[in-house]
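What follows is the residue order along each chain.
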Amino acid sequence: MNIFLVLTFSGVALGAIYFLAASGLSLIYGLMDVLNFAHGLFMTLGAYAGFEIATRLPSSFGAPTLVILAIVGATLMGALAAGVTELILIRPLYGKPISQILITIGLDLAVVGLLMGGFGSTALQIPVPLWLIEPTHIGGLYLPNASFLAIGAGVIVLVGLELFLALTRYGIIIRAGVENREMVRALGIDVGRAFTLVFVIGGAMAGLAGILYTIVFSGDLVSPNQGDSLLIFAFIVVVIGGLGSIRGSAVAALVVGLLQQYTTFYIGGHSGWAQIGDLSTVLLLAVVLEWRPRGLFGRVA
Amino acid sequence: MRRPFYRSGPLVGVACLGLFIVLPFIGLHLPWVLPGTLDIVNSTGTLEVLALCFMFAGIAVGYDMMFGYTGLMSLGPVLYFAVGTYVFDIALTHWEWPLFPSLLLTFGVSLVLAVVLGAIALRVHGIAFAMVTLAFAQAFYFLVESNPHNLTGGDTGLSLSYNRLPAFLSGAVSNTRNLYWIALAFLVVAYLIVWLVTESVTGHVFVAVRENELRLDVLGVRPFRFKMVSFVVSSLIATGGGIVYILVIGTAVPSVVASTTVTLSILIMVVLGGAGTRWGAVIGAMVYVYLQQYLDKVGAEPSFTRLPAVLRVPLSEPQFLLGAIFVLFVFFAPGGIAGLVVRRRIQRASAATLLSVFKKS
């Protein structure tokens, strides 16, 4: 039972990271019909920015401050990279969704290639404070502190995003744009600015997801391809949750994260089943598509 | 009188084919065109690279039928490619089946997978279809990595056992020539299949599916069946390519054979060459594989190490250069190489027409 609870806890943490990666992707697709392949790149760039901050700044700052700065830096890096991408590469190609996908694929390959050239293709270690590695003892359970960080970030972003979309003027424009872009434009509202904003928000969440994944799940290691492997699970979450739906992404991310943790532990231990955790997410996708082709929270066209 | 451009194509194609057939007998030395140790045209290394070019060209043509003609952006062709390499490899190496039953099994598995997974993936459209096919392909990658029953060899991969293969196909260096011709034959067969299908009535419906699926539905034509045919035929061609790959290279490693990188390479080849043109995909694949080899070799040249890091790091990273070239193409030449060629010819043709009008008046 204890093991089950610990697994649930880390499953929720994984789900939180999937949510951060997937919700931006889903919003971008919902508003602009762009399948953003460079989302994996934003995650990787975030992780590398975090690495640079944590290793370049003087250690007299103290490890906790450095980690916080690394997380903030990763988020800003993701936002910056996404904003620049939208303005320079995506904007000139509006109305050509295939070209926009292709551009993001090319960008992802090119910049990941650059990272491999600059940092090498081997994984690099980020220094983190001890308390992130240690577990907390709660009611007979040992829960890793890093997972608290991921869950906290996931909850804050989910609430913040929902409030932003519900209450602010731009949030309302974005929601309206997801429903019917042409109508928003016809009402004389500059949707283009909302496009850039959505990219920046999505990029910031991706950068955050990238550094959190590094800290919580990959043993503080950063590597050039980490974002692209996370991206595949983000895709799965987006399709299961329903394209364009934030709540769908949140629910699907939780389900996928939990499923992956449970199957990895309970079935993955047998020989030849090591990858069952990853496989099960794809199986879930196939089942959901058979049952509900538009995903859990997908709109009816 | 200039030959109209649309008729010169097949002639150029047949001439190139003839040249490639006799190429293994030509011992030409091309120090600048081919990098490093590959500079002799019929050396084993060069023939192997060319065989890879042909293999990718065949797969790219098949993918072009699905992506360029039918408008289905699958991100899963690597699945059927990997099925080709692994199932064929396992049948020959682990079960020691003879050649033909192995071939039959490989295509059979691929057919069943393509029909089942195609039926699920085609329930969604556009971008979601791309994501779902990507997820399925990734599932196969996970499966291969996890080495079920020690069949696939996991991370380290699985080498092909040549015991049950006919002598002329065995991995001996002297047989590279035969494998080269097999790869060329695969390209020709793939091209002919795609040519026959796309020029047929079915092929015209493919284009209609790409242009306006809803209208087809209204006209009483079920788009699903045509999308399925396009998907399955394209997948089977990719499986054929996988078989050629394992024959030529002799080892299947998941990160090389089954990862998303292969899918993206195929997509880039087709777009670089020009989607929806058939021959564009062939040229795109040749250029891509050639550039990849060339940039890899050039990046390791000693003169490069003297450059400052700002230049050296990007220029010695083939993935960066290929990605950048691709971005430039999508931006400035969305029709790919084929688009550039056709545009030039149309410009020339219209200039000639103008000129003749002037002469008459």
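Data block above holds the structure.
Residues numbered from 1 in each chain as written. Chains lettered and ligands numbered in written order. Predicted model: local features only at pLDDT ≥ 70, side-chain atom pairs only at ≥ 80, totals over all residues. Heavy atoms only, no water.

**A short note on the nonpolar core**
Counting 210 residues, the largest nonpolar core has Phe37 of chain A together with Phe54, Met73, Phe136 and Leu267 of chain B as its most contacted members. Here the element with the most residues in this core is helix α2 (residues 44–69) of chain B; it accounts for 17 residues. When sequence neighbours within four positions are dropped, the list of residues in contact with leucine 267 of chain B reads Leu102 and Ile105 of chain A together with Tyr63, Phe67, Met73 and Leu75 of chain B. (Core = buried A, V, L, I, M, F, W, Y, C linked by side-chain atoms within 4.5 Å. Buried < 20%, exposed > 50% of the residue type's maximum accessible area, 1.4 Å probe, protein only. Helix = DSSP H or I, 4+ residues; strand = E, 2+ residues; numbered from the N terminus. Contact = heavy atoms within 4.5 Å.)

**Describing the environment of leucine 45 of chain A**
Residues and elements named next belong to chain A. If you trace the backbone, leucine 45 turns up in helix α2 (residues 39–56). Placed 161 residues apart in sequence, leucine 45 and alanine 206 show a C-alpha to C-alpha distance of 9.2 Å. Residues in contact with leucine 45, not counting those within four places in the same chain, are Met77, Ala81, Val111 and Leu115.

**Concerning the pairing of strand β2 (residues 135–138) of chain A**
Residue and element names in this part refer to chain A. Two elements, β2 and strand β3 (residues 141–144), share 4 bridges in a ladder whose sense is antiparallel. For histidine 137, the partnering residue across the bridge sits in β3 and is tyrosine 142. Hairpin connection between β2 and β3: a loop of 2 residues separates the two successive antiparallel strands, and glycine 139 in this loop has a positive phi of roughly 45°. (Pairing = 2+ DSSP bridges.)

**What to know about the packing of aromatic side chains**
Going through the model one piece at a time under the given rule, you end up with 22 aromatic pairs over all chains. Each ring, one from phenylalanine 25 of chain B and one from tryptophan 181 of chain B, has its centre 5.8 Å from the other, and the planes form 45°; the classification is tilted. Of this pair, phenylalanine 25 of chain B sits in the loop between α1 (5–22) and α2 while tryptophan 181 of chain B sits in helix α6 (residues 176–199), and the two are 156 residues apart along the sequence. For tryptophan 181 of chain B, a relative accessible area of 26% translates into the label partly exposed. By way of ring pairs, the aromatic residues Tyr18 and Phe233 of chain A together with Tyr141 and Phe142 of chain B are connected into one cluster. (Phe/Tyr/Trp six-rings, centres within 6.5 Å; stacked < 30°, edge-to-face > 60°.)

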